[in-house]
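Structure assessment
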Amino acid sequence: MTTALVTGGAGFLGSHLCERLLAEGHRVICIDNFLTGARRNIEHLMEREDFRFIEHDVTIPFEVEEDVDYVLHFASPASPIDYLELPIQTLKVGSLGTHNALGLTKVKKARFLLASTSEVYGDPLIHPQPETYWGNVNPVGPRGVYDEAKRFAEAMVMAYHRYHGLETRIVRIFNTYGPRMRPNDGRVVPAFSQQVLTHESLTVFGDGSQTRSFCYVDDLIEGIYRLLMSDRAEPTNIGNPHEMTILQFAKHLLKLTDSQSEIIYKPLPVDDPKTRQPDITQAKKHLGWEPRVPLDEGLGKTLDYFRQVLSEQQKLP
Ligand code: NAD
Ligand code: UDP
């Protein structure tokens, strides 16, 4: 049996990844300090013999006694609200956390996978974004803490790959949504979902003309698993190319849920990227991967989840 260690495994994506790795027959060690994740995301795995949880901040060096075959580094605040509230932690987990995770990988002679992001392209001047694009990032703007942490992390991964000969993978994740996002994490899918379900106004930032392309979590995890098992060391975009403006997305959700909520406009956050769409040519070619879950199916499952969480919190009207 092989063992995979997932940092940030109690988060939205990390918990789905732990489940997938277990389903593929790997033993899983999950490390998290619950900075932005939650115990409830992994509660159902805690009793399993092939699952071990370690509560730890990965910016502080760590060791595990057992053999490890794969290290997947997912720890990092990921929502703009989170990383604006936690700027130093975000920079530390992208730099020190990545260094510690790579150090462990080297000792264990394991394979490493970094959860990077479309934010390495910043406010892109090329559209859609291929992996060869170097990006347009403001290093000293408020989002710089996240973007530069991930860019540094990618550079560190490539240095370990080139200098130490480590087997490494880099996934550049584009906006992904699904069950287990925090309803109040500020990202657009949880924000709009909570607003339609509680009949509050939908808060569109700016004039809503900025675009995003939303990928359902199951599709993303499939792409990441294929990348992990491939021999591709180059960064690889995984995301859904189905692009829409945020205003179109708001209107679509209102129609889908038959909601009476109105749309209100709020200021656009500083450096909010105007467009974002993954070029997934490489993932198609090298991993035989492309997204399969239609938007409305993914949104249906996500809304069911938020309905459940909001009713537990007695926030549903
Ligand atoms: P999340 O906030 O739900 O998960 C992050 C997890 O990391 C949380 O459980 C948090 O407690 C943990 N964590 C943070 N700092 C830590 C530390 N120092 N030590 C240990 N654990 C720590 O966010 P997510 O959406 O699941 O994102 C997971 C990863 O994927 C992140 O690295 C993020 O940058 C990347 N990513 C996500 C998206 C997306 O659309 N969801 C897009 C691009 C990149
Ligand atoms: N957004 C919005 N209303 C909200 C939350 C977000 O209009 O309540 C916009 C945000 O300005 C951005 C897009 O939705 O243009 C996606 O934001 P998110 O925070 O989900 O992730 P990002 O892609 O910016 O990292």
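Residues numbered from 1 in each chain as written. Chains lettered and ligands numbered in written order. Predicted model: local features only at pLDDT ≥ 70, side-chain atom pairs only at ≥ 80, totals over all residues. Heavy atoms only, no water.

**Things to note about the packing of helix 3 (residues 87-108) against helix 4 (residues 144-164)**
Packing of helix 3 against helix 4 brings their axes to within 8 Å, and their N-to-C directions diverge by 15 degrees. The pairing of helix 3 with helix 4 is recorded here as roughly parallel in orientation. Of the two possible hands of crossing, helix 3 and helix 4 adopt the one that is right-handed. Along the contact surface, helix 3 presents Pro87, Thr90, Leu91, Gly94, Ser95, Thr98, His99, Leu102, Gly103 and Lys106, while helix 4 presents Val145, Tyr146, Ala149, Phe152, Ala153, Met156, Val157, Tyr160 and His164. Counted by class, the contact of helix 3 with helix 4 contains eleven nonpolar, seven polar and one charged residues. (Axes fitted to C-alpha atoms, helices over the stretch in contact; angles between N-to-C directions. Helix = DSSP H or I, 4+ residues; strand = E, 2+ residues; numbered from the N terminus. Parallel < 35°, antiparallel > 145°, perpendicular 65-115°, else oblique. Left-handed = near helix turned anticlockwise from the far one by under 90°. Contact = heavy atoms within 4.5 Å. Nonpolar A, V, L, I, M, F, W, Y, C, P; charged D, E, K, R; others polar.)

**Structural notes on the site of ligand 2**
Within the structure, ligand 2 sits among 18 residues, and Thr203, Phe205, Arg212, Asp272 and Arg276 are positioned closest to it. A distance of 2.9 Å is found between an oxygen atom of ligand 2 and a side-chain nitrogen or oxygen belonging to Asn175. A distance of 2.5 Å separates a nitrogen atom of ligand 2 from a polar backbone atom of Thr203. In the complex, the protein chains occlude 94% of the 510 Å² of accessible area that ligand 2 would expose alone. At the level of secondary structure, the elements contributing two or more residues to the shell around ligand 2 comprise helix 5 (188-197) and strand 8 (202-205). Across the shell around ligand 2, the residue classes tally to eight nonpolar, four polar and six charged. (Near = heavy atom within 4 Å. Polar contact = N/O pair within 3.5 Å; in protein donor to acceptor, adjacent residues only side chain to side chain. Areas by Shrake-Rupley, 256 points an atom, 1.4 Å probe, with all protein chains shown as cover.)

**Thoughts on unusual backbone geometry**
With an omega of -10 degrees, the peptide bond between His127 and Pro128 qualifies as cis. In this structure, Pro128 sits in the loop between strand 5 (111-117) and helix 4. Positive phi values are uncommon outside glycine, yet Arg180 reaches one of about 90 degrees. Of note, Arg180 is situated in the loop between strand 7 (176-177) and helix 5.

**Describing the state of the cysteines**
Disulfide: a covalent bond formed between the sulfur atoms of two cysteine residues. This structure, assessed with the given rule, holds zero disulfides. Take Cys18: it sits in no disulfide, and the sulfur closest to it among the cysteines is that of Cys30, at 4.4 Å. Cysteine Cys215 remains unbridged, with the sulfur of Cys18 as its closest cysteine sulfur at 18 Å. Accessibility expressed as a relative area gives 0% for Cys215, which makes it buried. (Disulfide = S-S within 2.5 Å. Buried < 20%, exposed > 50% of the residue type's maximum accessible area, 1.4 Å probe, protein only.)

**Considerations on the packing of helix 1 (residues 12-23) against helix 6 (residues 217-229)**
Two elements in contact, helix 1 and helix 6, have axes whose closest approach is 10 Å; the angle formed by their N-to-C orientations is 60 degrees. When the axis of helix 1 is compared with that of helix 6, the two are oblique. Classified by chirality, the crossing of helix 6 by helix 1 is right-handed. The residues of helix 6 that touch helix 1, namely those facing Phe12, Leu13, His16, Leu17, Arg20 and Leu21, are Val217, Leu220, Ile221, Glu222, Ile224, Tyr225 and Leu228. For the contact of helix 1 with helix 6, the class distribution of residues is ten nonpolar, one polar and two charged.

**Re empty space enclosed by the protein**
Summary: where empty space remains is shown by rolling a probe the size of a single water molecule over the atoms. Following the criterion strictly, the structure yields two cavities of 30 Å³ or more and no others. Estimates place the volume of the largest cavity at around 50 Å³. As for the largest cavity, its lining consists of Tyr177, Phe214, Cys215, Tyr216, Asn240, His242, Met244, Val293, Pro294 and Leu295. Of the residues contributing to the lining of the largest cavity, the split by class is eight nonpolar, two polar and no charged. Within this model, the second largest cavity holds a volume of roughly 30 Å³. Around the second largest cavity, the lining residues are His73, Ala75, Ser76, Val93, Gly94, Thr98, Leu114, Lys150 and Ala153. Ranked by the residues each element gives to the lining of the second largest cavity, the list is headed by helix 3, at three residues. Classifying every residue of the lining of the second largest cavity gives four nonpolar, four polar and one charged. (1 Å grid on protein atoms, 1.4 Å probe; cavity = no way out; pocket = protein on both sides within 12 Å on 5 of 7 lines; lining within 4 Å. Points joined across faces, edges and corners; volume = space filled by probe spheres on them.)

**Here we look at the pairing of strand 2 (residues 27-32)**
Across the six residues of strand 2, six count as buried, placing the element largely inside the fold. Where strand 1 (residues 3-7) meets strand 2, five bridges bridge the pair, whose relative direction is parallel. Looking at strand 2, one finds that Thr3 is bridged to Arg27. Crossover strand 1 to strand 2 through helix 1 is right-handed. Sheet analysis places strand 2 next to strand 3 (residues 51-55), joined by five bridges and oriented parallel. Bridging across to strand 3, Ile29 finds its partner in Arg52. (Pairing = 2+ DSSP bridges. Right-handed = clockwise from strand over helix to strand, strands pointing away.)

Fair warning: the whole summary comes from geometry, so function is off the table for now.
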